[in-house]
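Chain residues, written in single-letter form:
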Amino acid sequence: QVQLVESGGGLVQAGDSLRLSCVASGRTFSSYAMNWFRQPPGKEREFVAGITSGGNTYYADSVKGRFTISRDNAKNTVYLQMNSLKPEDTAVYYCAGGTVVRAVGSMYWWGKGTLVTVSS
């Protein structure tokens, strides 16, 4: 079983940056794809970014060019660097892992989430 713990959320102003971290424990982190999803207030959970075990990255159109996902296998950690934040980025951000990217229903493990609030 893999445990995922997110950190780095908070309250920021539009245009600011944040970096989220997700630390994994329990199994071979480097063998799995890792993803960030988010759930805005009153909406469904949506894909934000994913990175394969080989380092290929994928992004939702809404964050492409502003967010960057990366991983440090030595630290069992995946990051989400978020720049030029907008009020519509406000959501609870979840880290998730498995064998694929993007498919919210196919993740094996989920963190408990970290709240990001962007004020205008």
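Preceding this paragraph is the structure being described.
Criteria and cut-off values
Residues numbered from 1 in each chain as written. Predicted model: local features only at pLDDT ≥ 70, side-chain atom pairs only at ≥ 80, totals over all residues. Heavy atoms only, no water. Helix = DSSP H or I, 4+ residues; strand = E, 2+ residues; numbered from the N terminus. Rg over C-alpha atoms; globule rule 2.2 N^0.38 Å. Contact = heavy atoms within 4.5 Å. Areas by Shrake-Rupley, 256 points an atom, 1.4 Å probe, with all protein chains shown as cover. Lys, Arg positive; Asp, Glu negative; His and termini not counted. Charge placed at Lys NZ, Arg CZ, Asp CG, Glu CD. Core = buried A, V, L, I, M, F, W, Y, C linked by side-chain atoms within 4.5 Å. Buried < 20%, exposed > 50% of the residue type's maximum accessible area, 1.4 Å probe, protein only. Salt bridge = Lys/Arg side-chain N within 4 Å of Asp/Glu carboxyl O.

Topic: the overall build of the protein chain
Alright, step 1. When its secondary structure is counted, the protein chain shows zero helices and eleven strands.
Alright, step 2. Rg of the C-alpha trace for the protein chain: 13 Å, near the compact-globule value of 14 Å for 120 residues, within the 12% margin.
Alright, step 3. Overall, the protein chain is about 40 × 25 × 25 Å in size when its C-alpha atoms are taken along their principal axes.
Alright, step 4. Of all intrachain contacts in the protein chain linking residues separated by at least 6 positions in sequence, the fraction that spans at least 24 positions is 56%.
Alright, step 5. A total of about 6,000 Å² of accessible surface is found on the protein chain, and carbon and sulfur atoms cover 46% of it.
Alright, step 6. One finds the centroid of the 12 positive side-chain charges in the protein chain at a distance of 6 Å from the centroid of its 8 negative side-chain charges.

Notes on the nonpolar core
Alright, step 1. Among the nonpolar cores identified, the biggest contains 33 residues, and Trp36, Val78, Leu80, Met82 and Tyr93 are the most heavily contacted of them.
Alright, step 2. For this core, the secondary-structure elements that each account for two or more residues are strand E3 (18–25), strand E4 (33–39), strand E5 (46–51), strand E7 (67–72), strand E8 (77–82), strand E9 (91–98) and strand E11 (114–119).
Alright, step 3. Setting aside its immediate chain neighbours within four residues, Leu80 contacts Leu18, Arg19, Leu20, Trp36, Val48, Ala49, Phe67, Thr68, Ile69 and Tyr93.

Description of the pattern of salt bridges
Opposite charge on two side chains allows them to pair when their charged atoms are near.
Alright, step 1. For the coordinates displayed, the defined rule picks out four salt bridges.
Alright, step 2. Arg38 serves as the salt-bridge partner of Glu46, at 2.6 Å between the closest nitrogen and oxygen.
Alright, step 3. For Arg38, a relative accessible area of 4% puts it in the buried group.
Alright, step 4. A salt bridge links Lys64 to Asp61, with the nearest nitrogen and oxygen atoms 3.2 Å apart.
Alright, step 5. Several salt bridges converge on common partners, so that one network encompasses Arg38, Glu46, Arg66 and Asp89.

Details of unusual backbone geometry
Alright, step 1. Positive phi values are uncommon outside glycine, yet Ser84 reaches one of about 50°.
Alright, step 2. Its location among the elements puts Ser84 in the loop between E8 and E9.
Alright, step 3. Overall, Ser84 belongs to the partly exposed group, its relative accessible area being 41%.
Alright, step 4. The backbone of Arg102 shows a phi angle near 80°, a positive value even though the residue is not glycine.
Alright, step 5. Relative to the helices and strands, Arg102 is located in the loop between E9 and strand E10 (109–110).

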